[in-house]
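# Coordinate inspection notes
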There are 2 protein chains.
Amino acid sequence: MSEPGVGGESLLFLTDEQLRKGIEAMFFAYRGFTADPDRILDGMDYGRAHHRAIHFIHRTPGTTVNNLLNILGVTKQSLNRVLRTLVEDGLVESRVGREDKRERHLFLTPRGAELERALSDAQRARMRAAYRAAGPQAVQGFRQVLEAMMDPDLRRQFQSQKESGA
Amino acid sequence: MSEPGVGGESLLFLTDEQLRKGIEAMFFAYRGFTADPDRILDGMDYGRAHHRAIHFIHRTPGTTVNNLLNILGVTKQSLNRVLRTLVEDGLVESRVGREDKRERHLFLTPRGAELERALSDAQRARMRAAYRAAGPQAVQGFRQVLEAMMDPDLRRQFQSQKESGA
DNA sequence: AATTTACGTCAGCCTTGTTGACTTTCCAAG
DNA sequence: CTTGGAAAGTCAACAAGGCTGACGTAAATT
């Protein structure tokens, strides 16, 4: 519809066929994306939920349970089950907040950091290979489309995190 | 390594920081990607597994159970549970094979096609918005990276499907 | 005739998500 | 100081959707 002046070459990438292929690419790629960490985790008592918790605690040490809840988009009961096992097993440390003692601040223990490293090494290796194969231009496009696909709230979180990290 | 002549600008997109952001982008984008169909499905008795089955039966009408198994990467017991409810509810038809009578060929009924439409309309709408926001160049990069991220077997399947469809 | 293949099904288990109800701790406002 | 409400944790129950193992049947293949 509309889009005056762009001529016939444009908008071909918006056909239902193209979109369907994008959808399937997303589905299959996500499988690859999670495959390596999943392989590491199964055999241990942990699953993908533990991986996610560990990842974000690593990224933002001292984050509170509530923060994590919002990022992960699960209920506190669900997160708590995961967190409890990680604390029990000595991979995560939960410290009572100094300012607000209701809050618990989460940190990886050395052993937790070790597992995090193993998981993210595997995941980054796949990502790196894909990035390298596709090239910097493609990576930029990849990131643009992914960001545009996020829910607006998450996109804002994601992008603000990006600015401070650049 | 190598990449002669490109100078210092290259390979910056392969830093651990960049890869970590790509990983998180993938995570958050996938949530957005599944959010709309999930919303439609919950309230009905169906979930994401039903969506996937419906999607691929729609894409390849007459596909066999075994085909579907391989594409979805689940066990037959798991798929069967989903498929049974879809057949019982009259969304999917399972026809005994004419050549090989051991096989069951799967088709969407009109009602199944109706649900498929609702689900894929929602998912395509988000995809279309993201594609439009990012532009054709970015979409090409998006697809390149995703394909490079798949497991090799799936990538082959995916790409051969692409050729015949172009 | 024996074996393999495709499919279905029963039973049981695990992970990870959900709701609902309840407690404890603590901050902050009245 | 008391009280209201937020943050966190806990218990219980449940559901979806993965998994394995075992078994049955029909059809194709050898």
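The sections below set out a description of the structure shown in this document.

Conventions used here
Residues numbered from 1 in each chain as written. Chains lettered and ligands numbered in written order. Predicted model: local features only at pLDDT ≥ 70, side-chain atom pairs only at ≥ 80, totals over all residues. Heavy atoms only, no water. Pairing = 2+ DSSP bridges. Helix = DSSP H or I, 4+ residues; strand = E, 2+ residues; numbered from the N terminus. Contact = heavy atoms within 4.5 Å. Buried area = accessible area lost by both parts, 1.4 Å probe. Salt bridge = Lys/Arg side-chain N within 4 Å of Asp/Glu carboxyl O. Polar contact = N/O pair within 3.5 Å; in protein donor to acceptor, adjacent residues only side chain to side chain. Phe/Tyr/Trp six-rings, centres within 6.5 Å; stacked < 30°, edge-to-face > 60°. Buried < 20%, exposed > 50% of the residue type's maximum accessible area, 1.4 Å probe, protein only. Near = heavy atom within 4 Å. Nonpolar A, V, L, I, M, F, W, Y, C, P; charged D, E, K, R; others polar. Expected span 1.5 Å × (residues − 1). Bend = angle between axes of the 7 residues up to and from the residue.

### Side note on the sheet that holds strand E3 (residues 104-108) of chain B
Residues and elements named next belong to chain B.
- Strand order in the open sheet formed by three strands is E1-E3-E2, and the pairing between neighbours is antiparallel. Lying at the two open borders of the sheet, with one neighbouring strand each, are strand E1 (63-64) and strand E2 (92-96).
- Across five bridges, the pairing between E2 and E3 is antiparallel. Note on E3: the bridge partner recorded for Val96 is Arg104.

### A word on the interface of chain A and chain B
- If you look at the interface, chain A gives 60 residues, while chain B gives 60 residues.
- For chain A, the biggest contributors to the area lost against chain B are A:Ile23, A:Phe28 and A:Met149; these three give 10% of the whole.
- In this structure, the connection of chain A to chain B is made through eight salt bridges.
- As a salt-bridge pair, B:Glu24 and A:Arg59 come within 2.6 Å of each other at their nearest N and O atoms.
- Run the count over chain A and chain B and you get 16 residue pairs in polar contact (both at pLDDT 80 or more).
- When residues of the side of chain A that touches chain B are traced back to their parent elements, those giving at least two are helix H1 (16-41), helix H2 (48-59), helix H3 (65-72), helix H5 (110-134), helix H6 (136-149) and helix H7 (152-165) of chain A.
- With 18 residues, the top contributor of residues to the side of chain A that touches chain B is H1(A).

### Looking at the packing of aromatic side chains
- On inspection of all chains with the given rule, the structure shows 15 aromatic pairs over all chains.
- Residues A:Phe13 and B:Tyr131 carry aromatic rings whose centres are separated by 6.4 Å and whose planes lie at 15 degrees to one another, so their mutual orientation is stacked. Of the two residues, A:Phe13 sits in the segment before H1 while B:Tyr131 sits in helix H5 (residues 110-134), which places them in two different chains.
- For A:Phe13, a relative accessible area of 13% corresponds to the buried category.

### A closer look at the sheet that holds strand E2 (residues 92-96) of chain A
Residue and element names in this part refer to chain A.
- Strands sit in the order E1-E3-E2 across an open sheet of three strands; the sheet is antiparallel. With partners counted over all chains shown, the strands left at the sheet margins are strand E1 (63-64) and E2, one partner each.
- Two elements, E1 and strand E3 (residues 104-108), share two bridges in a ladder whose sense is antiparallel. Among the inter-strand pairings, Thr63 is bridged to a residue of E3, identified as Leu106.

### Points about the protein's contact with DNA strand D
- The immediate surroundings of DNA strand D are formed by 24 residues, with A:Arg102, B:Gly47, B:Arg52, B:Thr75 and B:Arg81 found nearest.
- Among atoms of DNA strand D positioned within 4 Å of the protein, sugar and phosphate together represent 57%.
- A distance of 2.8 Å separates a base oxygen of DNA strand D from a polar atom in the side chain of B:Gln77.
- Within the backbone of B:Glu99, one N or O atom sits 3.0 Å away from a phosphate oxygen of DNA strand D.
- The element best represented in the surface near DNA strand D is helix H2 (residues 48-59) of chain B, accounting for four residues.
- Here the residues of the surface near DNA strand D sort into three nonpolar, ten polar and eleven charged.

### Concerning H1(A)
Residue and element names in this part refer to chain A.
- Compared with the 38 Å implied by 1.5 Å per residue over 26 residues, the 37 Å span of H1 between its first and last C-alpha is a close match.
- Of all the bends in H1, the greatest, near 40 degrees, is centred on Ala35, and the proline Pro37 appears no more than four residues after it.
- For H1, the buried fraction is high: 19 of the 26 residues fall into the buried class.
- Of the residues trailing H1, Gly43 is marked for its positive phi of about 115 degrees.

### What about the protein's contact with DNA strand C?
- For DNA strand C, the set of nearby residues contains 25 residues, the closest of which are A:Arg48, A:Arg52, A:Thr75, A:Arg81 and B:Lys76.
- Protein-adjacent atoms of DNA strand C, using a 4 Å cutoff, are sugar or phosphate at a proportion of 59%.
- Between a phosphate oxygen of DNA strand C and a side-chain N or O atom of A:Arg52, the distance comes to 2.5 Å.
- Within the backbone of B:Val65, a nitrogen or oxygen atom sits 3.4 Å from a phosphate oxygen of DNA strand C.

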